[in-house]
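The chain contents come next:
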Amino acid sequence: MSLPPAPLPLEGLLVVACEQAVAAPFATRQLADLGARVIKIERPGSGDFARDYDATVNGLSSHFVWLNRSKESVAVDLKADAEVVLRLLERADVFIQNFAPGAAERLGLGADALRERFPRLITCSISGYGPDGPYRDAKAYDLLIQSEAGLVAVTGSEAEPAKAGIPAADIGAGMYAFSGILAALYDRERTGVGTHVEISLFDALVEWMGYPLYFTAGGGTPPARTGTSHAAIAPYGAFRAGDGSEVVLGIQNEREWVAFCAGVLQRPELAADERFATGASRVAHRGALLTEIDAVFAALTGEQVQQRLAASRIAHARRREVAEVLEHPQLAARGRWTQVGSPAGPIPALLPPITLPGRPPRMDPVPAVGEHTAAVLAWLDGSADGSAAQRG
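Each chain carries its own residue numbering, running from 1 in the direction its sequence is written. Given that the model is predicted, a residue must reach a pLDDT of at least 70 before its local features are reported, and side-chain atom pairs must reach 80 or more before they are shown or counted; all residues, however, enter totals for whole chains, interfaces and linings. Each side-chain value is derived from all of the structure's non-hydrogen atoms; neither hydrogens nor water enter the calculation.

J.: Describe in detail helix α8 (residues 168-191), supporting the description with residues and values.
T.: Labels follow the DSSP assignment, with helices taken as runs of H or I lasting at least four residues and strands as runs of E lasting at least two, numbered in each case from the N terminus. Helix span, as expected, comes to 1.5 Å for every residue beyond the first. Compared with an ideal rise of 1.5 Å per residue, which puts 24 residues at 34 Å, α8 spans 34 Å between its outermost C-alpha atoms and is within 8% of the ideal. Just downstream of α8 lies G192, where phi reads positive at about 80 degrees.

Next up, the structure:
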């Protein structure tokens, strides 16, 4: 007889979230995946404005269904009835918010006031630029942060900069909030006292810009925008085969360069060509190097190129379109796709990246606006045990 799965590590944890858009909902979804009960406070009627970003998933927003499964939605007008949130915080372990600067304090939900009232509470605020400094009150959409942090300056081609195709600043801030909250929970186990976690989108993305910042500070010039290529390594990036498919490869050292010339290009003499004899010389003569590679790859299919790369033990991949990733054989073989419920019926969902063998992640439905208001209020009033307010 098989035993039931062990509890998820965050089961029993109550998280209250005054959240919208991407960063804070991304953090709380990670907590929910690991078993935490997440109560999401939304505006009555419209809810989180990310619900209206698009309507591509059976009429629902692709951002919202990605970020908000396994949560309970409670509709509250915070300006008229913030007391509901305070009643929830009497029982909560974590409070996370990404209000505009100063809004939490005006609502009586500032970190200092809350933790004075609830000493064990962990508070987390996510802002655009942090709680002080000249940019404190600036609007902070993801594209604006990507631009201010320099990500746009190193993304794209030499002819034109580009933003990252995913909300990198929001995701970075959400992941630092998630890990910061976990650290604060561990700290509370030792001290018995909660703490405040402060995250900004700008700080998160500037941290991710470490390589180009150190490169620029040390060398005096920034790394070039090189598309899928690399500013300091060649050959590196996407190469087109004769059948139009693109193969991505990267040569990391001289042993690989020799193997690439002999086994993939089948031109071993190129390894000793003075234009390509070192990593620096290959970067300096990148144009001539690409001409040599393109001449060989043009006579091969993408499958043939990959076979030669595999035989020579050169790291490589296919450049896939987004639609191809949906059918990726690695995802299929490992059963990474499942379904979750939603107001529009079952929708596909990827399992979370954190895998705990033998303990399935929480994969509960995406809520409708205010779907759990009555059940949660009944729980607060003592007329329900709380289980009816939770889905699973």
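Picking up where we left off.
J.: Tell me about the sheet that holds strand β4 (residues 94-97), and please be specific about residues and values.
T.: Sheets are built from strands paired through backbone hydrogen bonds, the pairs being either parallel or antiparallel. Strands pair, by our definition, only if DSSP identifies at least two bridges between them. The six strands are arranged β3-β2-β1-β4-β5-β6 in an open sheet whose pairing can be described as parallel. Strands with a single pairing partner mark the edges of an open sheet, and in this sheet they are β3 (71-75) and β6 (196-200). For this sheet, the mean angle separating the axes of adjacent strands, direction not counted, is 20 degrees. A contact between two residues is defined here by any heavy atoms of the two lying within 4.5 Å. An axis is simply a line fitted to the C-alpha atoms; with a helix, the fit covers only the stretch in contact. Between two such axes, the angle follows the N-to-C directions and lies from 0 to 180 degrees. Along the sheet, helix α9 (residues 201-208) makes contact with β5 (122-127) and β6, crossing β6 at roughly 65 degrees. Of the strands in this sheet, β1 (14-18), β2 (37-42) and β3 touch helix α17 (residues 373-380), which is tilted by about 85 degrees from β3.

J.: Provide a residue-level description of the layout of surface pockets, including the pertinent values.
T.: Of the pockets and cavities examined, the largest pocket occupies roughly 1200 Å³. Along its surface, the largest pocket is lined by 45 residues, and Q20, A21, F49, N98 and A100 are the ones closest to its centre. Counting residues per element, the lining of the largest pocket draws most heavily on helix α7 (residues 142-148), at three residues. For this classification, Asp, Glu, Lys and Arg are treated as charged, while Ala, Val, Leu, Ile, Met, Phe, Trp, Tyr, Cys and Pro are nonpolar and the rest, including Gly, are polar. Among the residues forming the lining of the largest pocket, the class breakdown is 24 nonpolar, eight polar and 13 charged. As defined here, a cavity is a set of points on a 1 Å grid over the protein atoms alone where a 1.4 Å probe fits but cannot get out. A pocket is an open set with protein on both sides within 12 Å along at least five of seven lines, and residues line them when an atom is within 4 Å of a point. Grid points are joined across faces, edges and corners, and a volume is the space filled by probe spheres set on the points. One number sums up the size of the second largest pocket: a volume of about 990 Å³. In terms of lining residues, the second largest pocket is bounded by 28 residues, among which R29, S62, W66, W337 and L350 are the most central.

J.: Report on the sheet that holds strand β8 (residues 246-250), specifying residues and quantitative values.
T.: Taken in spatial order, the three strands make up an open sheet running β7-β8-β9, and their pairing is antiparallel. Each of the sheet's edge strands pairs with one partner strand only, and the pair in question is β7 (236-240) and β9 (316-318). The mean angle between the axes of side-by-side strands here comes to 25 degrees, regardless of whether they run parallel or antiparallel. Note: β7 against β8, five bridges, orientation antiparallel. Across the sheet, the residue bridging to A238 is V248, located in β8. On the sheet, helix α13 (residues 286-297) packs against β7 and β8 and is oriented at approximately 40 degrees with respect to β7.

J.: I'd like a description of the pairing of β1, backed by residues and values.
T.: Along β1, five of the five residues are buried, which leaves the element largely enclosed by surrounding structure. Pairing between β1 and β2: five bridges, direction parallel. In the sheet register, C18 faces β2, and the bridge partner there is I41. Once the chain exits β1 it traverses helix α1 (residues 23-33) before rejoining the sheet at β2, and the crossover so formed is right-handed. Across four bridges, β1 lies against β4 in parallel orientation. Burial here depends on accessible area, computed with a 1.4 Å probe over protein chains only, as a share of the maximum for the residue type. Under 20% is buried, over 50% is exposed, and the range in between is partly exposed. Seen with its strands pointing away from the viewer, a crossover is right-handed when the path leading from the first strand over the helix to the second is clockwise.

J.: Account for the packing of α1 against α8, naming residues and giving values.
T.: Relative orientation of the contacting elements α1 and α8 amounts to 45 degrees, with a least axis distance of 7 Å. Taken together, the axes of α1 and α8 lie oblique to each other. In terms of crossing hand, the pair formed by α1 and α8 is right-handed. In this structure, α1 uses A23, F26, A27, Q30 and L31 to contact α8, whose residues at the interface are D170, I171, A173, G174, M175, A177, F178, I181 and L182. When describing relative orientation, an angle under 35 degrees is termed roughly parallel and one over 145 degrees roughly antiparallel, while 65 to 115 degrees is termed roughly perpendicular and anything else oblique. When the near helix sits turned anticlockwise from the far one by under a right angle, the crossing is termed left-handed; a clockwise turn instead gives a right-handed crossing.

J.: So what's going on with empty space enclosed by the protein? Residues and values would help.
T.: If you roll a probe as big as a water molecule over the atoms, it shows you where there is empty space left. Per the stated rule, a full pass over the model turns up one cavity of 30 Å³ or more. Quantified by volume, the largest cavity comes out at close to 30 Å³. Split by residue class, the lining of the largest cavity holds five nonpolar, one polar and one charged.

J.: So, the packing of helix α11 (residues 254-264) against α13: which residues are in play, and what are the values?
T.: Look at α11 against α13: their axes get within 12 Å of each other, and the N-to-C directions meet at 35 degrees. The hand of the α11/α13 crossing is left-handed. Between α11 and α13, the contacting residues are W257, F260 and V264 on the first element and L289, I293, V296 and F297 on the second.

J.: Please provide a residue-by-residue account of the pattern of salt bridges, values included.
T.: Salt bridges are defined by distance alone: a side-chain nitrogen of Lys or Arg within 4 Å of a carboxyl oxygen of Asp or Glu. Per the stated rule, a full pass over the model turns up 22 salt bridges. In this structure, R87 engages D381 in a salt bridge whose closest nitrogen and oxygen atoms are separated by 2.7 Å. In this pair, R87 sits in helix α4 (residues 83-89) while D381 sits in the segment after α17, placing the two residues 294 residues apart along the sequence. Judged by its relative accessible area of 26%, R87 falls in the partly exposed class. Measuring nitrogen to oxygen at the nearest pair gives 3.4 Å for the salt bridge that ties R240 to E246. The exposure class of E246 is buried, given its relative accessible area of 18%. What you see here is one network of salt bridges that share partners, running through R267, E269, D273, R275 and E292.

J.: Quick rundown of the nonpolar core? Include the residues and the values.
T.: Where a protein is soluble and globular, its nonpolar side chains tend to be buried together. Side-chain atoms within 4.5 Å are what join buried Ala, Val, Leu, Ile, Met, Phe, Trp, Tyr and Cys residues into a set we call a nonpolar core. In terms of nonpolar packing, the biggest core is built from 36 residues, with V15, I96, C124 and I126 touching the most fellow members. For this core, the secondary structure elements donating two or more residues are β1, α1, β4, β5, α8, β6 and α9. By residue number, the principal contributor to this core is α8, which donates eight residues. With 25 residues, the next largest nonpolar core counts A103, L109, L114 and F118 among its residues.

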